[in-house]
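Remarks on the overall topology
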Amino acid sequence: MAHRELTAVLPHVRAAAAGMSALALALGCVAPSAHPRFPEPAVEAARVLSEYSRVPSASARPILVLGGYMDPGMASGSLTRALRSAMGPQAEIVSVSFGDCTSMAQCRDRVMAATLSLRNASPDCTFDVIANSMGGLVARYCAMSPEEVAACGLPSPAPSVALRIHHLYTICTPHLGARMAEGPFGSPMTRDMRPSSPFLECLDGALASATYALTCFAREGDSIVGTDRSAPAGIEPIQFDTPPFEFAHVAAHRDPRILLVIVRSLRGEGSLPLGE
């Protein structure tokens, strides 16, 4: 089974990882945190994911993967490949990237177009959504009802419908605004990602009536979004240390520990305990 007794080498891996982390802290690469930590090193999570690839498991519903800001498909493609490997070739996965989008409305339209055939085939079609960075905001936008969109004055094509989401998993998403978006200049999309922007306020207003489950992941040292901004107000993100000499935000979608939590949930195997 996936979680067998750890081999004798794992304590040495942990010790090496701890030593590298200490060096990274000393060099200022990452900052310490009192948040809950994932109990196993990334190498063990990767091993478990590899074992899952040999035991496919059908997902209960279609999986929708969303990329981030200016991502031409690298993050969304990497997530899709990892999920398909862990879930099996029969998993129904729709992947959407936003590399050439110039507005949140255009991103929303792209998601609705990509999911149209599945939604037409089954009006009650519900998705599990794995969203990287800005993709989490797009998912929340897609899940808003036409009435909520209109009340906020956000662009919405006609006819408009809400995307039905069962569980939304977000990876380093700027739910409370992105640090890198705070400058005086920027595009309409980066302005939407500034703290307390009208767009984010609309999303937060709709969150109170949202029916989907929301799980947020963050990584220490995320200077692009901000570790403390990776979940909406009132929601505690699941936080991970960043491996030494790795970019906290850019590489988050490849973190096997994050992927393992998501895959276990999609496979109906429950969550893993988090250590302190």
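Owing to the predicted nature of the structure, the values given are computational and were not obtained by experimental measurement. (Residues numbered from 1 in each chain as written. Predicted model: local features only at pLDDT ≥ 70, side-chain atom pairs only at ≥ 80, totals over all residues. Heavy atoms only, no water.)

**Considerations on the pattern of salt bridges**
Any two side chains of opposite charge can pair if their charged atoms end up close together. Within the structure shown, the criterion is met by 13 salt bridges. When the shortest N-O distance is used, the salt bridge between Asp204 and Arg140 registers 2.9 Å. Of this pair, Asp204 sits in helix 9 (residues 198-207) while Arg140 is found in helix 6 (residues 135-142), placing the two residues 64 residues apart along the sequence. Residue Arg257 is joined to Asp241 by a salt bridge in which the shortest nitrogen-to-oxygen separation is 2.7 Å. Placement of the pair is Arg257 in helix 10 (residues 256-266) and Asp241 in the loop between strand 6 (238-240) and helix 10, with a sequence separation of 16 residues. Note on accessibility: Arg257 and Asp241 belong to one class, buried. Three or more residues are tied together by salt bridges with common partners; here these are Arg219, Asp241, Glu246, Asp255 and Arg257. (Salt bridge = Lys/Arg side-chain N within 4 Å of Asp/Glu carboxyl O. Helix = DSSP H or I, 4+ residues; strand = E, 2+ residues; numbered from the N terminus. Buried < 20%, exposed > 50% of the residue type's maximum accessible area, 1.4 Å probe, protein only.)

**With respect to a nonpolar patch on the surface**
A contiguous nonpolar patch, built from Met180, Ile224, Phe247 and Val250 and spanning about 450 Å² of accessible area, is present on the exposed surface. Here Ile224 lies in the loop between strand 5 (213-219) and strand 6. Overall, Ile224 belongs to the partly exposed group, its relative accessible area being 31%. (Patch = residues over 30% accessible without salt bridge, like charges linked within 9 Å, V, L, I, M, F, W, Y side chains within 5 Å. Areas by Shrake-Rupley, 256 points an atom, 1.4 Å probe, with all protein chains shown as cover.)

**Quick notes on the sheet that holds strand 6**
Spatially, 2-1-3-4-5-6 is the arrangement adopted by the six strands of the open sheet, whose pairing is parallel. A strand with exactly one partner marks an edge of an open sheet, and here the two such strands are strand 2 (93-98) and strand 6. Strand-to-strand, the axes of this sheet are offset by a mean angle of 15°, without reference to chain direction. Alignment of strand 3 (residues 127-132) against strand 4 (residues 165-171), held across six bridges, turns out to be parallel. Within the sheet, the bridge partner assigned to Val129 lies in strand 4 and is Leu168. Here helix 10 sits on the sheet and contacts strand 1 (63-69), strand 3, strand 4, strand 5 and strand 6; the angle it forms with strand 4, its principal contact strand, is near 170°. (Pairing = 2+ DSSP bridges. Axes fitted to C-alpha atoms, helices over the stretch in contact; angles between N-to-C directions. Contact = heavy atoms within 4.5 Å.)

**Details of the pairing of strand 5**
Across the seven residues of strand 5, six count as buried, placing the element largely inside the fold. Pairing geometry for strand 5 and strand 6, over three bridges, is parallel. Within the sheet, the bridge partner assigned to Arg219 lies in strand 6 and is Phe240.

**Notes on the side chain of His249**
With respect to the helices and strands, His249 occurs in the loop between strand 6 and helix 10. By relative accessible area, which is 13% here, His249 ends up buried. Of note is the side chain of His249, whose polar atom sits 3.0 Å from the side chain of Ser133. Within the local environment of His249, its side chain forms a polar contact with the side chain of Asp222, the two groups lying 3.0 Å apart. Non-local contacts of His249, meaning those with residues more than four positions away in its chain, are made with Ser133, Cys172, Asp222, Ile224 and Val225. (Polar contact = N/O pair within 3.5 Å; in protein donor to acceptor, adjacent residues only side chain to side chain.)

**Side note on the packing of aromatic side chains**
One pass over the structure, following the stated rule, counts two aromatic pairs. With a centroid separation of 5.4 Å and an interplanar angle of 80°, the aromatic rings of Tyr141 and Phe199 are classed as edge-to-face. Taken together, the residues span a long stretch of sequence, with Tyr141 in helix 6 and Phe199 in helix 9 at a distance of 58 residues. Accessibility assignment for this pair places Tyr141 and Phe199 in one class, buried. Their ring planes at 35° and their centres at 6.1 Å tell us that Phe217 and Phe240 sit as a pair that is tilted. (Phe/Tyr/Trp six-rings, centres within 6.5 Å; stacked < 30°, edge-to-face > 60°.)

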